[in-house]
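Remarks on the overall topology
Chain by chain, the residues run as shown.
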4 protein chains.
Amino acid sequence: MKKIKFGIVGLGRLGEKHAENLAFRIPNAELLAVCSVVKEEVDEVQEKWQIKYGYTNFDEMLKNLELDAIFISSPSEFHCEQIEKALAAGFHVFTEKPLGITVNEVKKVSEVVNKYNDKIFMVGFMRRYDKSYAYAKEKIEKGEIGKPVMIRCYGFDPAQAIQGFLKFAKNANSGGLFLDMSIHDLDLARWYLSSEATKVWAIGGSYGYPEISEIDDAETGVALAQFENGTMGVFAASRNCAHGYHIETEIIGTKGTLRIGTIPEKNLVTVFTPDGAKIECSSGFLERFEQAYLSEVEEFVKCIIENRKPNVTVEDGIKSTILGYACKKSFETGELVKIEY
Amino acid sequence: MKKIKFGIVGLGRLGEKHAENLAFRIPNAELLAVCSVVKEEVDEVQEKWQIKYGYTNFDEMLKNLELDAIFISSPSEFHCEQIEKALAAGFHVFTEKPLGITVNEVKKVSEVVNKYNDKIFMVGFMRRYDKSYAYAKEKIEKGEIGKPVMIRCYGFDPAQAIQGFLKFAKNANSGGLFLDMSIHDLDLARWYLSSEATKVWAIGGSYGYPEISEIDDAETGVALAQFENGTMGVFAASRNCAHGYHIETEIIGTKGTLRIGTIPEKNLVTVFTPDGAKIECSSGFLERFEQAYLSEVEEFVKCIIENRKPNVTVEDGIKSTILGYACKKSFETGELVKIEY
Amino acid sequence: MKKIKFGIVGLGRLGEKHAENLAFRIPNAELLAVCSVVKEEVDEVQEKWQIKYGYTNFDEMLKNLELDAIFISSPSEFHCEQIEKALAAGFHVFTEKPLGITVNEVKKVSEVVNKYNDKIFMVGFMRRYDKSYAYAKEKIEKGEIGKPVMIRCYGFDPAQAIQGFLKFAKNANSGGLFLDMSIHDLDLARWYLSSEATKVWAIGGSYGYPEISEIDDAETGVALAQFENGTMGVFAASRNCAHGYHIETEIIGTKGTLRIGTIPEKNLVTVFTPDGAKIECSSGFLERFEQAYLSEVEEFVKCIIENRKPNVTVEDGIKSTILGYACKKSFETGELVKIEY
Amino acid sequence: MKKIKFGIVGLGRLGEKHAENLAFRIPNAELLAVCSVVKEEVDEVQEKWQIKYGYTNFDEMLKNLELDAIFISSPSEFHCEQIEKALAAGFHVFTEKPLGITVNEVKKVSEVVNKYNDKIFMVGFMRRYDKSYAYAKEKIEKGEIGKPVMIRCYGFDPAQAIQGFLKFAKNANSGGLFLDMSIHDLDLARWYLSSEATKVWAIGGSYGYPEISEIDDAETGVALAQFENGTMGVFAASRNCAHGYHIETEIIGTKGTLRIGTIPEKNLVTVFTPDGAKIECSSGFLERFEQAYLSEVEEFVKCIIENRKPNVTVEDGIKSTILGYACKKSFETGELVKIEY
């Protein structure tokens, strides 16, 4: 049985997790090469997991013809360029979200992906592979909630992580609250509602951390979107969620409603103390989406082996980015924004 | 100890419940008179609960000087006129929401209420007296969630009641989805956020019952509002909630979050069957707010006895109505609406 | 319409609540007389609620022929005697649980109740009138869970109340953990399982408060009972529940399971803080069973007016007491106890 | 880095899952050999996952000196013999529960394990490695619930699986309800309470499937145990749980309570339909304990690599079996059983 040989670029927190999964937990995958501009990261991972090749230069890694696929987990601003180079060099490509950080950039990626149409390309919208989200999709397709009418998405990062964000945000371009935090939700909304947003109004502010306003971003915000087929989407995002990492999604239909993750439970323990009955909450994305991060890559590997296209397409990456930009523009101007694709 | 003697006008479903409460369950209240244009209703209630006086004419009831207070539970279109007449005749007045059905009308009520300032006047925003909502308010005032940032309100009527609404809606003016259904939520948002809305965008549609569009109303809608102090409000309303009467409110603050009624549980029973673990849902407002309908009137009676003003003022009725009209206008025009008070 | 005129004996915490309900919240009831050996209690209640008659002597109250019914809420050791006297004097009688504190005593009450068969007699097993418990009973009778197989009952008093118990327990005879705390659960088990217990083994200890062992009682205990029809009952009781007043009941059937009060929620608020998602718990029986305390008395009043027997009979009081004694004996001897009726 | 090379015996439903995990998902493990008396199973797995060696004879597999460790997932009656042979042949051994099916047998295993003390031996009490159960243990050790007082364990198999059980039970010896179903719970109780049971009374019956009585077993049963340190355990087991695979554990302490798996949720989706708010339930052990089945083997592999003993010892296997036998004996005799070790 063929093993797909991977080279990964980017060894940050999520990149390292992906590397570990590729090395040990994905059937038919093998991690052959790691790449990061930070040499210490390369050395550490190579030694810890006995990875054969290490690079500090992405172009060098692309010359390694033992590899079958490139996994991109580098900072967002490099995604587009690396996708293009990797496809051009003849590799299958998996890229973390977002596809890119400007609308023009992501449109260009689309052209490249279509050009190298024989290669498998996939964007890391891993929530679609989370077993709860996938279960909800099945139910909708079976008609169990009738026609979807409205989606509500909460994407809240834990307050504990805000100092890290503030340090990072001054030097880097996160894309702003909606592009950075809501991008998964925008993809989910399109997926569940089977339609594209046509109008959006987004508001927000910085309530606990006014310094976020100083960098022209919002700590917490809400966008309301109207979709082509008349359905509606509410997208709330925050970097300051006191109780942890809260990802909640609700799809209201004409015959029923689905809620995913109402309480972002850490595990199945309820603790009864004089304070009450308490369910502790998830601390972050690696804890909440452990299974999804595995399953999306399993699917990618299967697509390569079986030579078929994944469910998540480059179009999903583009349309979600366009919608994210519309939210950003509405938040910045205070006006209702009409969206054109 | 003085007993406050009530005359009630309007003996519909909610009116009859109020009448029963006044007759039997409110300390220091006594129901002395009932009034309805439907003579059968008057006769039935008089006989069933041994009520001394019965009227089919509101003006006649106002001549009864044994009464201390008038309770208005008639159709919305009569509220303003009846409030004015009752105050002018020297009675304390409790009125069901809404204060009235046009902005001009409610502003006029305000003048009248201020003119008869020695009388106790109260609007039936009973949710403030629901023990869960009151508990949430206390927590906010103690600072337990920091500064409120955002409120999300769901006001969903059961799908089972939609045929009744359709029949009623053709002949009467409900005010439209947002005025009819969200008015309690708009009041709660103002109460919890301690601010007034300045901008609103509202969308909606008729997904399961297209006939609602034909009467220029929406079956389900969402409004997003920005408040003067920078906080945000999401108001979803529906007449077609498959699982029952779903009233849910969430207040997100800088240090914590409160949710009221996440699952609109009917009672404390969980039923485990091959379908799963199931909590049955509340069937309607009389079931969900039984305690609040009692407590608001208890408070009104206490205010009369202790000669002090209730917490809910005529201003609350006016401002909520203005906001409800702004939602309606935004829904009808598709545009962002700026609100002026 | 006839109003049933009540005299109440016992004005402790629960007695005062019953008095308030009788005075203001029960249709067709009127509180005409209050009685307590503590004169201050009588005076206070008479003045606060304008009660016509006050007594410090129970026999005196029985001479008041304006009364229709006697409500017994005095300490347990007086129940039997007062029931007998009140029935003999020609009154309808409602008595708080327990029927009495020895098996002989309760058997004698049974004879008396049967003798005055034209009088309405009811024991305060109010849980049967709690809307959640009543709902569960309906479901069982409709066959929704198949045949009941097993019941699990938790009856846990809040740890906050333990100092009060310790003070009281040295001077009075509570009957011990199982008779005092589990009596409602034993009645519920008989009601839901439609059978009588035949064997029981009970164990327990004093884990946080060793002084409870010194008075030959247990702080926390569990009894396992086998019923005549082969069904099973688990009864856990505690005086030291850290999170509050926890009354939980589960009935497992061949086709489904019902749980009542899994989380003893105080209200419908969920609080999200850095500690997690928290539901605060009920603080005591008056908070948890407010509705049931009203409904049981409403039913008693209706029974008098309609001249029919209540659902809860003197037999229920006797059989539950016998089972409670068997638990006590098993706990004291460490042996399996066979029960005879 | 050394990879531990495994041979597995037993390729039933759970055995196949373990084989897949060893082959693809456990860092530093490699599946080199599979063994089953059913040749088709061996062939299928070898081909599907490209496993180098296949055996239909256990003794043959033990001659393969490329192997480091033997994983026993065969029927319970072979465990003891295979453990002994594998240890004697110089392998590390992981065995599925139970250790064996008679008390004498498991005591003999203990001697063997102690004799080959340089080999790593582990029993598959995987619940200890489930992240919720492990989290509860940590909390107890930190003193967050004070001293444990009582444990309640539910081990309920889905009704859907009962036909399979009935077919199997006529030909094989499951050990009876308590040994077969409660063994994990008995281990957990000992682990959480840090004590051994001294007395037990067990009852049960066959309520929906009388044919289970015919094979002298129970469909549903409850055991109540008293532990040496005065703590208490309630163990309910069933083969007929209508709503699915329900594993629930509660530890009540002097300062707090922990509940694990109150609702045996399948995933994080809540479905709102006219029936209510519904959480679908887990369908079986592979779904519920997926993570634990991985983590226990990861721990075993780490123990081999780091040459240290696992947390779960052969003593745990023995003492849990002795307690399971006491439950069985009590159920069969109807008497209270004193336990000696």
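These numbers were taken from a predicted model, which means no experiment stands behind them. Residue indices follow the written sequence of each chain, beginning from 1 at its first position. Starting at A for chains and at 1 for ligands, labels are handed out in the order in which the entities are written. Where local features are concerned, this predicted model is filtered to residues with pLDDT of at least 70; where side-chain atom pairs are given and counted, the filter is 80 or more; whole-chain, interface and lining totals use all residues. No hydrogens and no water enter the side-chain calculation; it runs on all heavy atoms of the structure.

A closer look at the relation of the copies chain B and chain A
Note the cut-off: Superposing the copies works by least squares over the C-alpha atoms of residues that have pLDDT at least 70 in both of them. By the convention used here, residues are in contact when the closest approach between their heavy atoms is within 4.5 Å.
With an RMSD of 0.0 Å, the operation that places chain B on chain A is a rotation of 180° combined with a shift of 0.0 Å along the axis. Each copy turns onto its partner about a two-fold axis. Looking at the interface residues of chain B, 100% of them are also at the interface in chain A, so both copies use one shared face.

Topic: the interface of chain A and chain D
Counted only if it meets this: In this description, buried area is defined as the sum, over both parts, of the accessible area (probe of 1.4 Å) that is lost when the two are combined. Here a salt bridge means any side-chain nitrogen of Lys or Arg lying within 4 Å of a carboxyl oxygen belonging to Asp or Glu. Residues adjacent in sequence count toward polar contacts only when both atoms are side-chain atoms; beyond that, a polar contact is any pair of N or O atoms within 3.5 Å, and within protein one must be able to donate a hydrogen and the other to accept it. Where helices and strands are cited, they refer to DSSP runs of H or I of at least four residues and of E of at least two residues respectively, numbered from the N terminus.
The interface of chain A with chain D comprises 31 residues on the first partner and 31 residues on the second. Both faces combined, the contact of chain A with chain D buries some 3,100 Å², and carbon together with sulfur accounts for 54% of it. Contact with chain D buries area across many residues of chain A, yet F24, R25 and L268 of chain A alone supply 20% of it, more than any other trio. At the boundary of chain A with chain D, the tally comes to four salt bridges. Two residues, E280 of chain A and K139 of chain D, come together in a salt bridge whose shortest N-O distance is 2.7 Å. The interface formed by chain A and chain D contains 15 residue pairs in polar contact (both at pLDDT 80 or more). Looking at the side of chain A that touches chain D, the elements that each hand over two or more residues are helix 6 (131-141), strand 12 (257-260) and strand 13 (269-273) of chain A.

Re the UniProt feature "domain: GFO/IDH/MocA-like oxidoreductase" (unreviewed entry) in chain A
Our working rule: UniProt positions are given in the numbering used here, feature names are shortened, and annotations may be inferred rather than shown by experiment.
The UniProt record marks residues 133-259 of chain A with the feature "domain: GFO/IDH/MocA-like oxidoreductase" (unreviewed entry), using the residue numbering of this structure. For residues 133-259 of chain A, the end-to-end C-alpha separation is 9 Å, with 31% helix and 39% strand making up the annotated structure.

Brief notes about the interface of chain B and chain A
Contacts between the two partners involve 41 residues from chain B, matched on the other side by 41 residues from chain A. Buried area between chain B and chain A, summed over both chains or domains, comes out near 3,100 Å², and the portion from carbon and sulfur atoms is 68%. Contact with chain A buries surface across chain B, with W201, Y207 and L224 of chain B losing the most and accounting together for 22% of the total. Taken together, the links from chain B to chain A amount to two salt bridges.

Description of the pairing of strand 11 (residues 246-253) of chain D
Residues and elements named next belong to chain D. Condition: Accessible area is worked out with a 1.4 Å probe on protein chains only. A residue is then buried under 20% of its type maximum, exposed over 50%, and partly exposed in between. When DSSP finds at least two bridges between two strands, those strands are taken to pair.
Among the eight residues that make up strand 11, eight are buried, leaving the element largely enclosed by the rest of the structure. Burial along strand 11 is two-sided: the face carrying H246, E248, E250 and I252 and the face carrying I247, T249, I251 and G253 are both buried. Bridge count between strand 7 (residues 148-158) and strand 11: eight bridges; the pairing is antiparallel. Following the sheet pairing, Y154 is matched in strand 11 by E248. With antiparallel pairing between neighbouring strands as the criterion, strand 11 and strand 12 (residues 257-260) make up a hairpin whose turn holds three residues.

As for unusual backbone geometry
A cis amide bond, omega -10°, links K97 of chain C with the succeeding residue P98 of chain C. Relative to the helices and strands, P98 of chain C is located in the loop between strand 5 (92-95) and helix 5 (103-115). Notably, N28 of chain C is not glycine yet its phi reads approximately 70°, a positive angle. Relative to the helices and strands, N28 of chain C resides in the loop between helix 1 (13-24) and strand 2 (29-35). Look at S194 of chain D: it is not a glycine, yet its phi comes out positive at around 55°. Here S194 of chain D is to be found in the loop between helix 9 (183-193) and strand 8 (197-205). Residue class for S194 of chain D comes out exposed when judged on its relative accessible area of 58%.

As for the packing of helix 1 (residues 13-24) of chain D against helix 12 (residues 290-306) of chain D
Residues and elements named next belong to chain D. Note the threshold: Each axis is a line fitted through C-alpha atoms, and for a helix only the stretch in contact is used; angles between axes span 0 to 180 degrees, taken between their N-to-C directions. By the definition adopted for this analysis, an angle is roughly parallel if under 35 degrees, roughly antiparallel if over 145, roughly perpendicular if from 65 to 115, and oblique otherwise. Here a crossing is taken to be left-handed if its near helix is turned anticlockwise relative to the far helix by less than a right angle, and right-handed if that turn runs clockwise. Throughout, the ten residues Ala, Val, Leu, Ile, Met, Phe, Trp, Tyr, Cys and Pro are labelled nonpolar, Asp, Glu, Lys and Arg are labelled charged, and all others, Gly among them, are labelled polar.
Interaxial distance between helix 1 and helix 12 falls to 10 Å at its minimum, and their mutual angle equals 60°. Taken as axis vectors, helix 1 and helix 12 run oblique relative to one another. Handedness of the crossing formed by helix 1 with helix 12: right-handed. Facing L14, K17, H18, N21 and L22 of helix 1, the residues of helix 12 in contact are E290, Y293, L294, E296 and V297. Its residues assigned to classes, the contact of helix 1 with helix 12 shows five nonpolar, two polar and three charged.

A short note on the packing of helix 1 of chain D against helix 2 (residues 39-49) of chain D
Residues and elements named next belong to chain D. Running from N to C, helix 1 and helix 2 cross one another at 25°; their axes reach a closest spacing of 12 Å. Judged by the inter-axis angle, helix 1 sits roughly parallel to helix 2. Of the two elements, helix 1 crosses helix 2, and the hand of that crossing is right-handed. Facing E16, A19, E20 and F24 of helix 1, the residues of helix 2 in contact are V45, K48 and W49. Residue composition of the contact of helix 1 with helix 2, grouped by class: four nonpolar, no polar and three charged.

Examining the domain arrangement of chain A
Residues and elements named next belong to chain A. Heads up, the condition is: Segmentation of the chain into domains, including their bounds, is taken from an automatic or database domain assignment.
Taken domain by domain, chain A consists of domain 1 (4-119) and domain 2 (128-291 + 320-338). In this complex, domain 1 contributes ten residues to the contact, which on the side of domain 2 involves nine residues. It is R13, K97 and I101 that lose the most area in domain 1 upon contact with domain 2, and together they represent 46% of the buried surface on that side. Taken together, the connections running from domain 1 to domain 2 amount to zero salt bridges. At the junction of domain 1 and domain 2, the tally comes to two residue pairs in polar contact (both at pLDDT 80 or more). Where the side of domain 1 that touches domain 2 is concerned, the elements lending two or more residues are helix 1 (13-24) and helix 5 (103-115). A per-class count over the side of domain 1 that touches domain 2 returns four nonpolar, two polar and four charged.

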